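# Fold and contact review
If you want the building blocks of each chain, they are given just below.
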Amino acid sequence: MNHYRPLALMMAIAIASIVMTACSLDGYEPEKPFTTDPVEKAALFAIGIGEPGTRSSTGVEKILFTDNDIEWFDLNTRELRFRDVKKPLRDAIPLLAKIDFYLGGEQLFSGGATCVGLICSQMFDDLVLCCGKIDGEIIDDGRYYLYDCYPLQFIDTDEVKANRLRRAPQWETFLKYLESKGKLRK
């Protein structure tokens, strides 16, 4: 009978390993077959870059929004309306920080944009993402606008016109992309 003991022990170990292997395959999914159809990802996205000396002085880049977050862009008012985002942009990036827009992995607007708000007293002669709008006596700080400059009374200066002209091909690409996604209002 003693000669069966090692055999029984080996059988018990073999059965235990089979059971443990079977249990570890419980959530196993076979590898999906390779397809040539590209998986659609967000092609348009904006990255916020924290500037030294601001609330986000880490210098870490973070994605602020993608084209999936954009509900629409109004060409006339330049309002950029977002879907329900978890955190408002003005809480996600400090004022005066840089925002780089990318389309298909390439930087869209050379020089990026600057995040400004209604309390900003500086003048910017290039692209800005403005958090809010003053229209006469009405202050609306719950919306976002892509302007060629800030404040808007400087729209006709030579610097703003030159920057707008330099950025025209990228602006056209931006608008065509939004139109192809059904997110452009005219």
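Residues numbered from 1 in each chain as written. Predicted model: local features only at pLDDT ≥ 70, side-chain atom pairs only at ≥ 80, totals over all residues. Heavy atoms only, no water.

Read across the sheet, three strands follow the order β4-β3-β10 without closing on themselves; strand pairing throughout is mixed. Of all the strands in the sheet, the pair left with one neighbour each is β4 (80–82) and β10 (184–185). For strand β3 (residues 70–74) and β4, the ladder comprises three bridges, and the chain directions are antiparallel. The residue of β4 that forms the bridge with Phe 73 is Leu 80. (Pairing = 2+ DSSP bridges. Helix = DSSP H or I, 4+ residues; strand = E, 2+ residues; numbered from the N terminus.)

Turning to the pairing of strand β1 (residues 44–49), a few remarks are in order. Among the six residues that make up β1, six are buried, leaving the element largely enclosed by the rest of the structure. Neither face of β1 is left uncovered, since the one carrying Leu 44, Ala 46 and Gly 48 and the one carrying Phe 45, Ile 47 and Ile 49 both have all their residues buried. Pairing of β1 with strand β5 (residues 98–103) involves six bridges; the strand directions are antiparallel. Bridge pairing links Phe 45 to Tyr 102 in β5. In this sheet, strand β2 (residues 61–66) lies alongside β1 in antiparallel orientation, the contact comprising five bridges. Residue pairing for β2: Ala 46 is matched across the bridge by Phe 65. (Buried < 20%, exposed > 50% of the residue type's maximum accessible area, 1.4 Å probe, protein only.)

For the structure shown, the criterion picks out nine salt bridges. A salt bridge links Arg 78 to Asp 148; the nearest nitrogen and oxygen atoms lie 3.2 Å apart. Of this pair, Arg 78 sits in the loop between β3 and β4 while Asp 148 sits in the loop between β9 (138–147) and α3 (158–180), and the two are 70 residues apart along the sequence. Judged by relative accessible area, which is 14%, Arg 78 ranks as buried. When the shortest N-O distance is used, the salt bridge between Asp 148 and Arg 167 registers 2.6 Å. Placement of Asp 148 in the loop between β9 and α3 and of Arg 167 in helix α3 is noted, with a sequence separation of 19 residues between them. (Salt bridge = Lys/Arg side-chain N within 4 Å of Asp/Glu carboxyl O.)

Once that is clear, we can look at α3. Over its 23 residues, α3 extends 32 Å from the first C-alpha to the last, a length consistent with the 33 Å expected when each residue adds 1.5 Å. Remark: the principal bend of α3, roughly 55°, maps to Ala 168, with a proline, Pro 169, within the next four residues. Among the residues of α3, Val 160, Asn 163, Arg 167, Trp 171, Phe 174, Leu 175, Tyr 177 and Leu 178 are the ones counted as buried. Once α3 finishes, Gly 182 follows within two positions and takes phi at roughly 75°, a positive value. (Expected span 1.5 Å × (residues − 1). Bend = angle between axes of the 7 residues up to and from the residue.)

A cluster of nonpolar residues, Leu 95, Leu 96 and Ile 119, forms a patch on the protein surface that exposes about 270 Å² of accessible area. Among the secondary structure elements, Ile 119 is positioned in the loop between β7 (113–117) and β8 (128–135). (Patch = residues over 30% accessible without salt bridge, like charges linked within 9 Å, V, L, I, M, F, W, Y side chains within 5 Å. Areas by Shrake-Rupley, 256 points an atom, 1.4 Å probe, with all protein chains shown as cover.)

Structurally, Ile 70 is set in strand β3. Taking the relative accessible area as the measure of exposure, Ile 70 reaches 0% and is therefore buried. As for Ile 70 and Arg 81, which are separated by eleven residues in sequence, their C-alpha atoms are 6.1 Å apart. Look past the residues within four positions of Ile 70 in its chain and what remains in contact with it is Leu 44, Phe 65, Leu 80, Arg 81, Phe 82, Arg 83, Leu 178 and Lys 183. (Contact = heavy atoms within 4.5 Å.)

Here the focus is the packing of aromatic side chains. Evaluation of the coordinates by the stated rule reveals twelve aromatic pairs. Ring geometry for Phe 73 and Phe 174: centres 5.7 Å apart, planes at 70°, overall edge-to-face. Of this pair, Phe 73 sits in strand β3 while Phe 174 sits in helix α3; the two residues are 101 residues apart in sequence, bridging distant segments of the chain. Ring geometry for Phe 109 against Trp 171: centres 5.8 Å apart, planes inclined by 35°, an arrangement best described as tilted. You can see Phe 109 sitting in the loop between β6 (106–107) and β7 and its partner Trp 171 sitting in helix α3, a full 62 residues away along the chain. You can call Phe 109 buried: its relative accessible area is 0%. On the basis of relative accessibility, which here comes to 14%, the residue Trp 171 falls in the buried class. Following the ring pairs from residue to residue traces out a cluster consisting of Phe 65, Phe 73, Phe 82, Phe 101, Phe 109, Tyr 144, Trp 171 and Phe 174. Positioned over the ring face of Trp 72 is Arg 185, at 3.7 Å from the centre of the ring. (Phe/Tyr/Trp six-rings, centres within 6.5 Å; stacked < 30°, edge-to-face > 60°. Lys NZ or Arg CZ within 6 Å of the ring centre and 35° of its normal.)

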